[in-house]
Amino acid sequence: MNHDIKERQPSAALYDFCGKPSFVQAAPLAMQHVVAMIVGCITPAIIVANAAGLGERDRIILVQAALVMSALSTLLQLFPVIRTKWVAVGSALPVIMGVSFAYVPSMQAIAGDFGVGAILGAQVVGGIVAALVGLNIRRIRILFPPLITGTVVFAIGLSLYPTAINYMAGGVGSPDYGSWRNWLVAFLTLVVVTFLNHYGKGIFKLASILIGIICGYLVALCFGLVDFSGVASASLFQLPRPLHFGMEFEPSSCVALGILFAINAVQAIGDFSATTIGAMDRTPTDEELKGGIFGYGLGNILCAIFGGLPTATYSQNVGIVSTTKVVSRRVLGMAAGILLAAGLVPKFSSLLTTIPQCVLGGATISVFASIAMTGIKLITTAPLSYRNTTIVGLSIAVGMGVTQASGSLAQFPDWVTTIFGKSPVVLATLGAVILNLILPRSRDIGRNDVGLAEQ
């Protein structure tokens, strides 16, 4: 009797980072992590492939690389290959890495102008920047308080809205762009995702986006919006192809992504901290932060070589770890193994590329809205004084305004347009950092300022 009770109790190994739970215990928890992040992992690759005008074969390769390199980046964080007193490659913390939406606006612009090779070249530069940030994290961190990172995240969310709407309409350039079929499928997908987010429980809430995509996919099948022509020709097994898309170090693209890598390197502190505070009841050590961010930079250099797009820590998986308290790296390593296996099967990657754009739009618009609201939450952790609202308001106004006013930088060199005119994120970031440094902190807020701050 006591033996049966003991068998039904959760294994202590699940709550130990170096614990070794059984396969039966670990597998469902690992699949939970995969379900939570796989859609977010492949969608940026599909968006970039569309922006670059890639053919079916190259689209499959890009999605395949996203899955494989996300898995390898995760394993690098879980099982650090180098740990010395000077530097570590990997955090040795229970995190999941995946292709990040934070880079999508800039990647779309670069892909449209210069191709995927320019993204990968800029990613190498960004990886070097992130590695340097990791080595100097205590000195650089002061430049990016929550007010600034919140402004950046808010700008990212806002800049992704047009992408979601264009996808809901069927994708710019498609023959049926804006048709009622596309909008119907998109809204049905959105309804399912929203319903499960608010009324679902357990796995249904966790997998709301995946379930929404499946439902939208089935409706799209009925309307004949799914094309399986590329699946039959895809092979059953294929290793990633190094430098398949080439690598171009286009200066303006390198600057644009380099800035974003620096910001995301600092922002990763939040995910590492949320993981340790929520699941391990402690804050991360300086060595863990340094190793995690250095590993993030080095991992992205490797991703670029093998055709994988920029990766970052996944907040939804941080949420799972914090909620379940399951920190065993065997569980997260198994999740990475599932991603790796999926990426090595091109037929699976090809099947993912058949998801209609209207379905992706309906599923991801809520994700983009969540990104923007996360930014607002970060912003409001600081007092909404006149100084702080000026920083956020001006940065967002200039960043969004310049990119939305087509041709506003037409008289400048092309590199200026690429860095500042294609994505609002870079301009909003620079504006927020500069304003935060130069605006006075000690001046008392006057009566008029208080009124403005409260409005």
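Details of the structure are given in the entry above.
Computed from a predicted structure; not experimentally measured.

S.K.: So, the overall build of the protein chain: which residues are in play, and what are the values?
M.R.: Helices and strands together make up the secondary structure of the protein chain, namely 21 helices and 4 strands. In terms of overall dimensions, the protein chain is globule-like: its C-alpha atoms have a radius of gyration of 22 Å, near the 23 Å expected for 455 residues. Principal-axis analysis of the C-alpha atoms gives the protein chain an extent of 70 × 55 × 45 Å. Burial status across the protein chain gives 54% buried among its 455 residues. In the protein chain, of all internal contacts separated by at least 6 residues, the share reaching a separation of at least 24 is 82%. For the protein chain, the accessible surface area stands at approximately 19900 Å², while carbon and sulfur atoms represent 65% of it.

S.K.: Describe a nonpolar patch on the surface, with residues and values.
M.R.: Judged by side-chain polarity, Ile 142, Leu 143, Ile 434, Leu 437 and Ile 438 come together as a nonpolar surface patch covering roughly 520 Å² of accessible area. By secondary structure assignment, the location of Leu 437 is in helix 20 (residues 424-438). A residue is classified by how much of its surface remains accessible, and Leu 437, at 56% relative accessible area, is exposed.

S.K.: Describe the packing of helix 10 (residues 208-222) against helix 17 (residues 357-379), naming the residues involved and giving the relevant values.
M.R.: Packed helix pairs are specified by the crossing angle of their axes together with the interaxial distance, meaning the distance between the axes. Interaxial distance between helix 10 and helix 17 falls to 8 Å at its minimum, and their mutual angle equals 155°. On the basis of the axis angle, helix 10 is roughly antiparallel to helix 17. Like other packed secondary-structure pairs, helix 10 and helix 17 cross with a definite hand, here right-handed. Of helix 17, the residues touching helix 10 (which contributes Ile 209, Ile 213, Gly 216, Tyr 217 and Ala 220) are Val 359, Leu 360, Ala 363 and Val 367. Considering only residue class, the contact of helix 10 with helix 17 consists of 8 nonpolar, 1 polar and no charged.

S.K.: Help me get a handle on the pattern of salt bridges, residues and values and all.
M.R.: Evaluated as defined, the whole model comprises 2 salt bridges. Glu 56 is the partner of Arg 59 in a salt bridge, and the nearest nitrogen-oxygen pair spans 3.9 Å. Taken as a pair, Arg 59 and Glu 56 lie in helix 3 (residues 56-78) at a separation of 3 residues, close to a single helical turn. The partly exposed category is assigned to Glu 56, whose relative accessible area is 36%. When the shortest N-O distance is used, the salt bridge between Glu 288 and Arg 282 registers 2.9 Å. The partly exposed category is assigned to Arg 282, whose relative accessible area is 31%.

S.K.: Please provide a residue-by-residue account of the packing of aromatic side chains, values included.
M.R.: Each aromatic ring pair is characterised by the separation of its centres together with the angle its planes make. Summed over the entire model, instances satisfying the criterion amount to 6 aromatic pairs. With a centroid separation of 4.8 Å and an interplanar angle of 40°, the aromatic rings of Tyr 103 and Phe 261 are classed as tilted. Separated by 158 residues along the polypeptide, Tyr 103 in the loop between strand 3 (97-99) and helix 4 (104-114) and Phe 261 in helix 12 (residues 251-280) bring together distant segments of the chain. The two residues Tyr 103 and Phe 261 agree in class, both being buried. Aromatic rings pair up to connect Tyr 103, Phe 261 and Tyr 296 into one cluster.

Calculation rules
For every chain, the first residue of the written sequence is number 1, and numbering continues from 1 onward in sequence order. Only residues with pLDDT of 70 or above have their local features reported here, since the model is predicted, and side-chain atom pairs are shown and tallied only from 80 upward, although totals for entire chains, interfaces and linings are computed over all residues. Hydrogens and water are ignored here; the side-chain numbers use all heavy atoms of the structure. Under the scheme used here, helices are H or I runs from DSSP no shorter than 4 residues and strands are E runs no shorter than 2 residues, and both carry numbers assigned from the N terminus. The globule rule is 2.2 Å times the number of residues to the power 0.38, and the radius of gyration it is compared with is taken over C-alpha atoms. Here's how the labels work: a residue is buried when its accessible area is under 20% of the maximum for its type, exposed when over 50%, partly exposed in between, all with a 1.4 Å probe on protein chains only. Throughout, a contact is declared for two residues whenever any of their heavy atoms are within 4.5 Å. What sets the accessible areas is the Shrake-Rupley method with a 1.4 Å probe; for residues, cover comes only from the shown protein chains. Patch definition: residues above 30% relative accessible area lacking any salt bridge, with like charges linked at up to 9 Å and the nonpolar side chains Val, Leu, Ile, Met, Phe, Trp and Tyr linked at up to 5 Å. A side-chain nitrogen of Lys or Arg and a carboxyl oxygen of Asp or Glu constitute a salt bridge if their distance falls within 4 Å. Simply put, an axis is a line fit to the C-alpha atoms, just over the touching stretch for a helix, and the angle between two N-to-C directions goes from 0 to 180 degrees. The scheme is simple: roughly parallel for angles under 35 degrees, roughly antiparallel for over 145, roughly perpendicular for 65 to 115, oblique for anything else. Left-handed is the label given to a crossing in which the near helix is rotated counterclockwise from the far helix by less than a right angle, and right-handed is the label when the rotation is clockwise. Any residue that is not Ala, Val, Leu, Ile, Met, Phe, Trp, Tyr, Cys, Pro, Asp, Glu, Lys or Arg is counted as polar, Gly included; the first ten are nonpolar and the last four charged. Side-chain rings of Phe, Tyr and Trp (the six-membered ring for Trp) are treated as a pair once their centres are within 6.5 Å; stacked means planes under 30 degrees apart, edge-to-face means over 60, and tilted covers the remaining angles.

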